[in-house]
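Architecture at a glance
Residues per chain are reported as follows:
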Number of protein chains: 4
Amino acid sequence: MSRNTFGICFKVTTFGESHGPALGCVIDGVPAGLPVDAAAIQRELDRRRPGQSEVTTARRESDTAEILSGVFEGVATGTPLAILIRNCDQRSRDYGALAEVFRPGHADYGYFMKYGRRDYRGGGRSSGRETAARVAAGAVARQLLATLGVKITAYALEIAGIRCRSFDREEIERNPLRSPDADAAREQLAAVRAARNSGDSTGGVVECVAEGLPAGWGEPVFDKLDARLAQAMFSLGAVKGVEFGDGFEAARRLGSENNDAMTAGGFLTNHAGGVLGGISTGQPLVFRIAVKPTPSISREQNTVDQSGGSRVIAIAGRHDPCIVPRIVPVVEAMTALVLADLALLQRTAQL
Amino acid sequence: MSRNTFGICFKVTTFGESHGPALGCVIDGVPAGLPVDAAAIQRELDRRRPGQSEVTTARRESDTAEILSGVFEGVATGTPLAILIRNCDQRSRDYGALAEVFRPGHADYGYFMKYGRRDYRGGGRSSGRETAARVAAGAVARQLLATLGVKITAYALEIAGIRCRSFDREEIERNPLRSPDADAAREQLAAVRAARNSGDSTGGVVECVAEGLPAGWGEPVFDKLDARLAQAMFSLGAVKGVEFGDGFEAARRLGSENNDAMTAGGFLTNHAGGVLGGISTGQPLVFRIAVKPTPSISREQNTVDQSGGSRVIAIAGRHDPCIVPRIVPVVEAMTALVLADLALLQRTAQL
Amino acid sequence: MSRNTFGICFKVTTFGESHGPALGCVIDGVPAGLPVDAAAIQRELDRRRPGQSEVTTARRESDTAEILSGVFEGVATGTPLAILIRNCDQRSRDYGALAEVFRPGHADYGYFMKYGRRDYRGGGRSSGRETAARVAAGAVARQLLATLGVKITAYALEIAGIRCRSFDREEIERNPLRSPDADAAREQLAAVRAARNSGDSTGGVVECVAEGLPAGWGEPVFDKLDARLAQAMFSLGAVKGVEFGDGFEAARRLGSENNDAMTAGGFLTNHAGGVLGGISTGQPLVFRIAVKPTPSISREQNTVDQSGGSRVIAIAGRHDPCIVPRIVPVVEAMTALVLADLALLQRTAQL
Amino acid sequence: MSRNTFGICFKVTTFGESHGPALGCVIDGVPAGLPVDAAAIQRELDRRRPGQSEVTTARRESDTAEILSGVFEGVATGTPLAILIRNCDQRSRDYGALAEVFRPGHADYGYFMKYGRRDYRGGGRSSGRETAARVAAGAVARQLLATLGVKITAYALEIAGIRCRSFDREEIERNPLRSPDADAAREQLAAVRAARNSGDSTGGVVECVAEGLPAGWGEPVFDKLDARLAQAMFSLGAVKGVEFGDGFEAARRLGSENNDAMTAGGFLTNHAGGVLGGISTGQPLVFRIAVKPTPSISREQNTVDQSGGSRVIAIAGRHDPCIVPRIVPVVEAMTALVLADLALLQRTAQL
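Below you will find a few notes about this structure.

What counts as what
- Counting restarts for each chain: residues are numbered from 1 in the order of the written sequence.
- As a convention, the first chain written is A and the first ligand written is 1, with the rest following in written order.
- Confidence filtering applies because this is a predicted model: local features only for residues at pLDDT of at least 70, side-chain atom pairs given and counted only at 80 or more, and all residues used for totals across whole chains, interfaces and linings.
- Hydrogens and waters are ignored; side-chain quantities use all the structure's heavy atoms.
- Secondary structure elements follow DSSP: runs of H or I of four or more residues count as helices, runs of E of two or more count as strands, with numbering from the N terminus.
- The classification of residues rests on relative accessible area computed with a 1.4 Å probe and restricted to protein chains. Under 20% of the type maximum is buried, over 50% is exposed, and intermediate values are partly exposed.
- Here, residues are in contact when the closest pair of their heavy atoms is within 4.5 Å.
- Only the protein chains shown count as covering a residue, and every accessible area follows the Shrake-Rupley method with a 1.4 Å probe.
- Overlaid copies result from least-squares superposition on C-alpha atoms, with residues included only where pLDDT is at least 70 in both.
- Strands qualify as paired when DSSP identifies two bridges or more between them.
- We define a salt bridge as a side-chain nitrogen of Lys or Arg found within 4 Å of a carboxyl oxygen belonging to Asp or Glu.
- Residues adjacent in sequence count toward polar contacts only when both atoms are side-chain atoms; beyond that, a polar contact is any pair of N or O atoms within 3.5 Å, and within protein one must be able to donate a hydrogen and the other to accept it.
- Residues are grouped as follows: nonpolar covers Ala, Val, Leu, Ile, Met, Phe, Trp, Tyr, Cys and Pro; charged covers Asp, Glu, Lys and Arg; every other residue, Gly included, is treated as polar.
- Remark: nonpolar core denotes a set of buried residues (Ala, Val, Leu, Ile, Met, Phe, Trp, Tyr, Cys) joined through side-chain atoms within 4.5 Å.
- Two rings from Phe, Tyr or Trp (for Trp, the six-membered ring) form a pair when their centres sit within 6.5 Å of each other. Planes less than 30 degrees apart are called stacked, planes more than 60 degrees apart edge-to-face, and all others tilted.
- Summed over both partners, the accessible surface that disappears when two parts come together, traced with a 1.4 Å probe, is what is meant by buried area.
- Angles run from 0 to 180 degrees between N-to-C directions of axes, and those axes are lines fitted to C-alpha atoms, restricted for helices to the stretch in contact.

Quick notes on the overall build of chain A
Helices and strands together make up the secondary structure of chain A, namely 7 helices and 18 strands. For chain A, the spread of C-alpha atoms along the three principal axes comes to 65 × 50 × 40 Å. Burial analysis of chain A (351 residues in total) assigns 70% to the buried set. Long-range contacts, defined as pairs at least 24 residues apart, comprise 69% of the intrachain contacts of chain A with a sequence gap of at least 6. When the accessible surface of chain A is totalled, it reaches about 9800 Å², and 49% of it is carbon and sulfur.

With respect to the relation of the copies chain A and chain C
Between chain A and chain C, the superposition needs a rotation of 180 degrees and an axial shift of 0.0 Å, giving an RMSD of 0.0 Å. What the rotation and shift describe, once combined, is the action of a two-fold rotation axis. Interface overlap between copies: 100% of the residues of chain A at the interface are likewise at the interface in chain C, consistent with a symmetric, same-surface contact.

Quick word on the relation of the copies chain A and chain B
Relative to chain B, chain A is turned by 180 degrees and slid 0.0 Å along the rotation axis, the superposed coordinates differing by an RMSD of 0.0 Å. Taken together, the interface assignments show that 99% of the residues at the interface of chain A recur at the interface of chain B, consistent with an identical surface on both copies.

Side note on the pairing of strand β16 (residues 285-291) of chain C
Residue and element names in this part refer to chain C. Counting buried positions over the 7 residues of β16 gives 7, a clear majority of the element. Pairing geometry for strand β10 (residues 204-211) and β16, over 7 bridges, is antiparallel. Looking at β16, one finds that G204 is bridged to V291. Where strand β11 (residues 239-244) and β16 come together, 5 bridges link them in antiparallel fashion. Pairing of G241 across the sheet is with A290, part of β16.

What to know about the interface of chain A and chain C
If you look at the interface, chain A gives 44 residues, while chain C gives 44 residues. Summed over the shared surface of chain A and chain C, the number is 2 salt bridges. With a shortest N-O distance of 2.8 Å, R86 of chain C and E66 of chain A are connected by a salt bridge. Where chain A touches chain C, the interface holds 12 residue pairs in polar contact (both at pLDDT 80 or more). Secondary-structure elements contributing two or more residues to the side of chain A that touches chain C are β2 (11-16), β3 (22-28), β4 (65-67), β6 (75-76), β7 (81-86) and α2 (108-115) of chain A. Tallying contributions element by element places β2 of chain A first for the side of chain A that touches chain C, with 5 residues. Partitioned by chemical class, the residues of the side of chain A that touches chain C number 19 nonpolar, 13 polar and 12 charged.

A closer look at helix α1 (residues 38-48) of chain D
Residues spaced three or four apart along an α-helix point in a common direction, a consequence of the helix completing one turn every 3.6 residues. When α1 of chain D is considered as a whole, its buried residues turn out to be A40, I41, Q42, E44, L45, R47 and R48 of chain D. Residues of α1 of chain D that are buried sit in contact with β4 (65-67), β7 (81-86), α3 (131-146) and α7 (324-346) of chain D.

Some thoughts on the nonpolar core
Proteins that are soluble and globular tend to have nonpolar side chains buried together. Ranked by size, the top nonpolar core spans 313 residues in total, and within it F10 of chain A, F10 of chain B, F10 of chain C together with F10 of chain D carry the most contacts. Non-local contacts of F10 of chain D, meaning those with residues more than four positions away in its chain, are made with I27, D28, G29, V30, A137, V140, A141, L144, L337, A340, D341 and L344 of chain D.

Regarding the packing of aromatic side chains
Under the criterion given, the structure shown has 38 aromatic pairs over all chains. For the pair F72 of chain B and Y120 of chain D, a centre-to-centre distance of 5.3 Å together with 85 degrees between the ring planes defines the contact as edge-to-face. One end of the pair, F72 of chain B, is in strand β5 (residues 71-72); the other, Y120 of chain D, is in the loop between α2 (108-115) and α3, on a second chain. For Y120 of chain D, a relative accessible area of 22% puts it in the partly exposed group. Ring geometry for Y109 of chain C against F267 of chain D: centres 5.7 Å apart, planes inclined by 80 degrees, an arrangement best described as edge-to-face. Of this pair, Y109 of chain C sits in helix α2 (residues 108-115) while F267 of chain D is found in strand β13 (residues 266-267), placing the two residues in two different chains. Given a relative accessible area of 18%, Y109 of chain C falls into the buried group. Among the aromatic residues, ring-to-ring pairing joins F102, Y109 and F112 of chain A together with F267 of chain B into one connected group.

Some details on the interface of chain A and chain B
Counting from both sides, the interface comprises 105 residues of chain A and, opposite them, 104 residues of chain B. Buried surface at the junction of chain A and chain B, both sides included, amounts to about 7900 Å², of which 58% is carbon and sulfur. Considering only the surface of chain A that becomes buried against chain B, R3, K114 and F222 of chain A emerge as the three largest contributors, covering 12% of it. Put simply, chain A and chain B have 6 salt bridges between them. Put simply, E219 of chain B and R3 of chain A hold a salt bridge, and the shortest N to O gap is 2.9 Å. Taken together, the links from chain A to chain B amount to 57 residue pairs in polar contact (both at pLDDT 80 or more). Across the side of chain A that touches chain B, the residue classes break down as 47 nonpolar, 37 polar and 21 charged. Pairing analysis gives 3 bridges linking strand β11 (residues 239-244) of chain A to strand β11 (residues 239-244) of chain B, with the strands arranged antiparallel. Bridge pairing links V242 of chain A to V242 of chain B in β11 of chain B.

Description of the environment of T281 of chain A
You can see T281 of chain A is positioned in the loop between β15 (279-280) and β16 (285-291). Along the backbone, T281 of chain A and V239 of chain A are 42 residues apart, and their C-alpha atoms lie at a distance of 26 Å. For T281 of chain A, the residues in contact, after removing those within four places along its chain, are A215, F267, G274, V275 and L276 of chain A together with Y109 of chain B.

Let's talk about the sheet that holds strand β1 (residues 5-6) of chain B
Adjacent strands of a sheet form backbone hydrogen bonds with each other and so pair up, either parallel or antiparallel. Residue and element names in this part refer to chain B. The 5 strands are arranged β1-β2-β3-β7-β4 in an open sheet whose pairing can be described as antiparallel. Of all strands in the sheet, those bounded by a partner on one side alone are β1 and β4 (65-67). As judged from the 6 bridges shared by strand β2 (residues 11-16) and strand β3 (residues 22-28), these two strands associate in the antiparallel manner. Across the sheet, the residue bridging to T13 is V26, located in β3. On top of the sheet, helix α1 (residues 38-48) reaches β4 and β7 (81-86); it is set at about 150 degrees to β4, its chief contact.

Considering the pattern of salt bridges
The full count for this structure, using the stated rule, is 128 salt bridges over all chains. When the shortest N-O distance is used, the salt bridge between R288 of chain A and E207 of chain A registers 3.0 Å. One end of the pair, R288 of chain A, is in strand β16; the other, E207 of chain A, is in strand β10 (residues 204-211), with 81 residues separating them in the sequence. Here R48 of chain B ties to D63 of chain B by a salt bridge, and the two come within 3.6 Å at their closest N and O atoms. Of this pair, R48 of chain B sits in helix α1 while D63 of chain B is found in the loop between α1 and β4, placing the two residues 15 residues apart along the sequence. For R48 of chain B, a relative accessible area of 2% translates into the label buried. Each of E44, R47, R142, E173, R178 and E332 of chain A takes part in a single network of salt bridges with overlapping partners.

Okay, here's the thing in structure tokens:
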């Protein structure tokens, strides 16, 4: 588990750049005997795919998943399951102008300082496009978790500062923002449009809930359930904050207010968000992430080029004015990867 | 890197329970040639030690570090550096009453469900006491980082909902709360006392700043600087939220407000908190964690026992009415472990 | 580092089955700035390719390597370098008859017992075909090692019990057995033909020499140079023994005979084979592996089927009567993977 | 899994030098609920302990194991199990003369070249004394394996070129060489004495058998059963060769001779040594290791010092004229560590 590999027992390695030939993943540790539903993998990729609405980039990618190994007659064999996603619409010419310039708010400068060079086409590996491979892997993890009764749902809780006031699970996939509140979604959409029209972008807060976890998942002390989920979430470029249960609000409470009392019938509250001491409590797992506004904007910005000279840029290209709806399936996928891994590890916890 | 081991090149394994014979750590990957200052390790342990003020537990522990290996004539040899900390004041009798009962807000229930049994004495390994071993390891990491010009400082930004209004670095270690604002510290102290006197507890927000990092540290995509730090922070039992730079506030901003522009003289702002795309930017690294109120309170609480029967408990024992000041050196230590590891990994990034 | 991933800093994950759509690898940790020679990768694959002579299987595979990521403008970027090799000549119909039967000397039975099912087409992942992905990865490792002056050469030291009596480096790639002794090669070839004609197969001993290593590579105590090389060699299905330097003969010597004395001019002998205490000595690294005779033979054999019933089989299909010449580039590749990894790790050994 | 940590699910980290304060290990992944027999750990340490007979070093060490964590009321809790072994008889003065000189056949030169310095007292971490920690960890692994019906036995198959002609399991622990043949043991002892009296040393071959393994253990492709065992064996400083089943002899056989045929009643032979394709077959696991003669001899040897100057040394100190009998429990311990790890991993192989 390091760099481009994630997980201990359910272990995923990803590869690929925005404008290279392909993206993909290798999943090592899929238990033999798991039926693998290729169509369900494709459905998850379709949810993340660009070009679906006015709030997402116009880049056209079919994001077709090809399973290269690890499945025989529709069932996992226990060997590595590799999935390939070819890039199709690599309009590298859009990026030539940016070859020498570091885009503000992007990883460009860091990559250059780290590696002494960078693939500037669409951000290379730092592009959000890299997450397609994670969604494919996550789709397999979800199939494993489904056999255990675990269900993961993420949605936009807040966009451009506008928070949902109601929750309708059915609504989530109906509006382009993946907002569970139809009314809020209309206001959020207006705010995203306004930002886009002024060459700007917006961010938001995504909430994720996982139901059906038994108590006992999570590995003290460094692979705690929340520790691994937080690592997973911050491995997404746009994430600037993560909180579980009451999160930062818990810091303002008294112990008597924050503790979740129990009775013979179970917990009375869920301030903890389903995790205590890094181990699942059996209550719904609840966490939220802060998603920053897309750094690619067409407004003019001050920056520098690789020689250190000052430059002013306006980023043309094709970008998401709000990445929140497209990050939702990615959050679910990363959550699934963590849970599948901890579920398998739990098999070794007792004699 | 899994379970009780953290890090890839600078790799720490910890062991020990609250009321067992000892705690300790093994650090694998300390570069040979590093002078190891045993007194500096002890100083960090002393900062975390209980019994220092009215806001911390009265448990008496000398927390004396003994270096068992890996150092010869005061210098690291490149072999594993093991540090032992004996437990002294294990008043297990305090905990007999809790042997069968799950304390609300604690890891008791999770450990029992995970392992089918638990060491109930002081919470066993889920006790905050476990972090002593991390502080010892972190002290060695800090010595490595010092040779690279990196300096880490954490402090209480907010306690019991009272936020600091000013910042005086010298003040931090002067007041018992590790607050950088002497005025706020007085109010915070009053709030902590009030909670303690009513058998309750308080939480707070800790901010951590690391200065002197070069640009380029952090390993895309799963060992990003922020991803690893978040894992490190959530590996602490009391942490419920982590945010970098503007954090959750960034989710409410426009891209044009949130992006950090650059000029030939460097970045103009640091909304990102020193990390972009998971790689350090060379600006100060800034993040905050939400610390929940100590779950151990003497007020009566509803809970259940191992047989599932309802129980009412009031936790006597010795507990911190506010864990924030004692978590400060732990946050610094975990930050040091992450940075030391990523600093060594960076040595392999280029040809 | 586990299961289908090998290495710590130079980390390779492989995937693929004999008769699935493709094989491949993901190399994580290629230092940015390394020029990547795609033609050299292909050359190594061509050396391992089937169908080259009368002593190898007639299966026709072009084994064309496609680089999917991690290289930009011919140079490694520091991101994962994925290589894809499509399977072309998957004559699965040859294997239908073996779907229910465990071939003696093969992994069939083990896979079935381990996973509860198996991909019986050509042995699935247990096929020697899986090593193509390793050869591709090893070719990249060799390019990194070449920048450090390290050169790896393997050859058939013995085939069918006939040992080479002379060593001519130029001869190795001239004869179909990769034997460094043209005279011995003729006798060996006759023995292989005789075995093939009687529906049987032969094995041999491969020797590998790595020159140009500096002293100091290898990580005590579990990632010692010889420990990692041995793991690498036994990860090949046909290998039944590994020895370094004088190997098993050393067990029959006195200490005074076996120790390699040193003078100001260097070591006087190399009984150790270039490794002491698991660390390279700067002398040539020398080791040998025992390669068992190919288990696929057309002679009748007793075995059982998945229901436990006794069966007699004669394996038709296309098989190597002697796998030794084709394992030679695989041994070199695995050696390169180990050395590249330890070379990068060594960068973290000292302050 | 790297450097001083071994294993994936049953994971052992060791520390300690020959003449430092202590040696020890941390075992992460002991399944909760395993009764831990401290006396059995001590018994294994006693078997490896120096000073037991005329063929072993006269160094006096009690090698007392203290369990520091992970056990509560005699049962594993699932948290890291740390074991401490204090060094007692560190006669560092014996080694002052060797501070500047590299002993032939030892790791001294490699350590110095790797780390730029070394703990010269008794070889520091490269001393065979380091293996005490492994024996302690292995003793816990054996207790886990015993619950699964697995039994491991190693013995001296050959010493100083004299091979055992008969096998009596009861004899092994009766003679000082751990030889299963009382007659051979007498001859072997005479040979060891002769070597010792002439200031020299001898080596030998150890065979190890593990019985009771089910079919299915071992993780293709890099954590194969034999690959992991070979890594484990070569992680011991004295080992120069490893072979499974018929080993190097298999390289001289025809496929029809080497394949193990099966009938409804099971395998008819065990040429493979219980492992095929890296997975256990359910037959006894059988392997042999070549142990080189102890490099510490009192005869004069040519060597160099740290400045590169030629020197002649005769090593006084206290050394084993034949390390074979003391390596036997270490081989068993390392085998147990591998098997325990693969046994736990197997729990994740199927849905």
